[in-house]
Structure formats: structure tokens, C-alpha cells
Amino acid sequence: MIYVTRDLLTVLRERAASEDPDEVNVRLSATPAEEFEADLGLDPATPVVTHFTLPSVGSSVSSVFGVDLGTPAGEGGARFLSHPDGFLGVSRTDDLAGVVIVAVPPYDADSVAAFDRTGDGVELAVVDAVPPTESVPE
């Protein structure tokens, strides 16, 4: 089972709708359930997908040095893809990750599904919780 926050899933679906007919392809990162202020009723170590990284972040450095700084080390084990053609699955041309969340038109709550890297369906559970507040160290 894959857990994702409702707010993140809403933003991802809205982004997919606004980019249609182009595809959206972004990395996703998770936060352990124990780091949420609210009790999610999950094992503390359970990852909950909470953030996405814009594709352009870190691209200038990776273009020059071949190092991807857009995704923190150990993060990005999931990916969000939109398929404007309506295919609710994983194709051979998709960028894969441990978990792939796919959205198709009309990009509503019933038009999203999760898959593992082989294309097998994985249950997607939406969590009504706000991730912990983060700030830049002073």
C-alpha cells in the first residue's frame, strides 16, 4: 500500500490538468509517519508521500557535472506521471521508480492509480494530514 497526502495528490492532479496535452513527470519524496504532528494510525516508519521536486531543480548542475542535485540523497523513490492519452498504467517509455502514481484525464480522484516498477497495481491510500513544517536552518 502507498500512502500519499490529499493535498499533494490534489496539487499533482491540478498540475497534470494544467499541462495537458503535455505529460507531467515529477519525482516524489516521502516523510515517515512518525514525523507528522497528527497520529496517522500507521507504523511510525511508514513512508507517506508528501513532496514533489520540479523537473528543472538542479538541472544546470547535472547538465555540467552529471550530478543530480534536484533530489536529496535517499529521496525520490516514487514518481508521478500523467498520461494525457488516458492509459492508466505504466508503459515501457515511462521513467520508473519503486512506486509510480499515474493520473489520466479528467484528472479527478477516480483517475489516479499507483503501480510498482513492473506495472502491477498497488493500493493507493489518501491521508488527510499536513506534513511537518520545514524551514531552512539559520
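Just so you know, these numbers come straight off a predicted model, no measurement behind them.

Can you walk me through the overall build of the protein chain in this structure?
Summing up its helical and strand segments, the protein chain has two helices and eight strands in all. The N-to-C order of helical and strand elements in the protein chain reads β-α-β-β-α-β-β-β-β-β. The burial tally for the protein chain puts 38% of its 138 residues in the buried class. Sequence-distant contacts, at least 24 apart, represent 51% of the contacts inside the protein chain between residues at least 6 apart.

I tried to follow the side chain of S82 on my own but got confused; where do I start?
Locating S82 in the fold gives a position in strand β4 (residues 78-82). A relative accessible area of 0% places S82 in the buried class. Polar contacts involving the side chain of S82 include one to the main-chain amide nitrogen of V24, which spans 2.7 Å.

Explanation requested: the confidence of the model for the protein chain in the structure shown.
Close inspection of predicted coordinates is inappropriate in any region flagged by low pLDDT. The predicted model of the protein chain has a mean per-residue pLDDT of 85, with 83% of residues at 70 or higher. Per-residue pLDDT stays below 50 along residues 57-64; that stretch engages in nine contacts with residues further than four places along the chain or on separate chains. Here residues 66-75 scores under 50 on pLDDT; set against residues more than four positions off or in separate chains, the count is 15 contacts.

So what exactly am I meant to see when it comes to the pattern of salt bridges here?
Where charged atoms of side chains with opposite charge meet at close range, the side chains can pair. Per the counting criterion, the structure on display carries one salt bridge. Ionic pairing is found between D128 and R6, a salt bridge with its closest N-O pair at 2.4 Å. Of this pair, D128 sits in the segment after β8 (124-127) while R6 is found in helix α1 (residues 6-19), placing the two residues 122 residues apart along the sequence. Classification of D128 as exposed rests on a relative accessible area of 60%.

Analysis parameters
Residues numbered from 1 in each chain as written. Predicted model: local features only at pLDDT ≥ 70, side-chain atom pairs only at ≥ 80, totals over all residues. Heavy atoms only, no water. Helix = DSSP H or I, 4+ residues; strand = E, 2+ residues; numbered from the N terminus. Buried < 20%, exposed > 50% of the residue type's maximum accessible area, 1.4 Å probe, protein only. Contact = heavy atoms within 4.5 Å. Polar contact = N/O pair within 3.5 Å; in protein donor to acceptor, adjacent residues only side chain to side chain. pLDDT = per-residue confidence, 0-100. Salt bridge = Lys/Arg side-chain N within 4 Å of Asp/Glu carboxyl O.

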